[in-house]
Amino acid sequence: MNQSALLRPDWTPATIALMVLGFVVFWPLGFAMLAYILFGERLRDFKRDVNERADGVFAGCGRHRGRHRHSFSTGNVAFDDWRKAELERLEQERRKLDEMRAEFDSYVRELRRAKDQDEFDRFMRERNNVKRSDNNGGPVTEFQTP
């Protein structure tokens, strides 16, 4: 970086003026400028280190993700055939489990619906019984469900 820049992380008249102005306008700006003056060079190194580490982490993730999606040869034909067969078997098992889960979810949904229907029917019976007893056996004017 060009060290003759006006705003370099150093005690220059411009950075001092900006720091004082920052404290006058809004004190966190003054502290931000002070931090830039004191730690600016370290921040550049810190940013470079973080970027390098992140690139390494994400590059590793890309390699591992690609292994599962795309087949690659190890050079041993017998092992490659066995691995392919095992991956296909595992995929079939996963599909079976997904189907079983969907069936179970449907079963649970139907049980909940039946339970809700029973509770609703019981409520309506009790409600109709209370209305009948209030009318002293007289005709009920509201719609009744069987």
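What you see is a predicted model, and the numbers here were worked out from it, not measured in a lab.

### Topic: the packing of aromatic side chains
- All told, the structure shown has three aromatic pairs when counted by the stated rule.
- Arranged with centres 5.9 Å apart and planes meeting at 85 degrees, the rings of Trp27 and Phe31 form a pair that is edge-to-face. Of this pair, Trp27 and Phe31 both sit in helix 2 (residues 27-69), four residues apart, which is roughly one turn of that helix.
- Residue classification places Phe31 among the partly exposed residues on the basis of a relative accessible area of 45%.

### With respect to the UniProt feature "transmembrane region" (unreviewed entry) in the protein
- The sites that UniProt annotates as "transmembrane region" (unreviewed entry) are residues 16-39.
- Taken end to end, residues 16-39 is 96% helix and 0% strand, and its two terminal C-alpha atoms sit 14 Å from one another.

### With respect to helix 1 (residues 13-25)
- Taking 1.5 Å as the rise per residue, helix 1 with 13 residues should run 18 Å; its terminal C-alpha atoms sit 18 Å apart, in good agreement.
- Three or more residues of helix 1 are buried, namely Thr15, Met19 and Gly22. Looking straight down helix 1, one finds that the buried residues subtend no more than 60 degrees of arc, so they occupy a single side. Residues of helix 1 that are exposed and point over 90 degrees away from its buried face: Pro13, Leu21, Val24 and Val25.

### Section: helix 3 (residues 77-134)
- The end-to-end C-alpha distance of helix 3 is 85 Å, a good match for the 86 Å that 58 residues give at a rise of 1.5 Å each.
- Looking at helix 3, one finds that the buried residues are Asp80, Arg83, Val108, Met124 and Asn128.
- Near the N-terminus of helix 3, the side chain that reaches the backbone nitrogen of Ala78, with its oxygen 3.1 Å away, is that of Asn76.

Criteria and cut-off values
- Residues numbered from 1 in each chain as written.
- Predicted model: local features only at pLDDT ≥ 70, side-chain atom pairs only at ≥ 80, totals over all residues.
- Heavy atoms only, no water.
- Phe/Tyr/Trp six-rings, centres within 6.5 Å; stacked < 30°, edge-to-face > 60°.
- Helix = DSSP H or I, 4+ residues; strand = E, 2+ residues; numbered from the N terminus.
- Buried < 20%, exposed > 50% of the residue type's maximum accessible area, 1.4 Å probe, protein only.
- UniProt positions renumbered as here; feature names shortened; annotations may be inferred.
- Expected span 1.5 Å × (residues − 1).
- Arc of directions from axis to C-beta.
- Polar contact = N/O pair within 3.5 Å; in protein donor to acceptor, adjacent residues only side chain to side chain.

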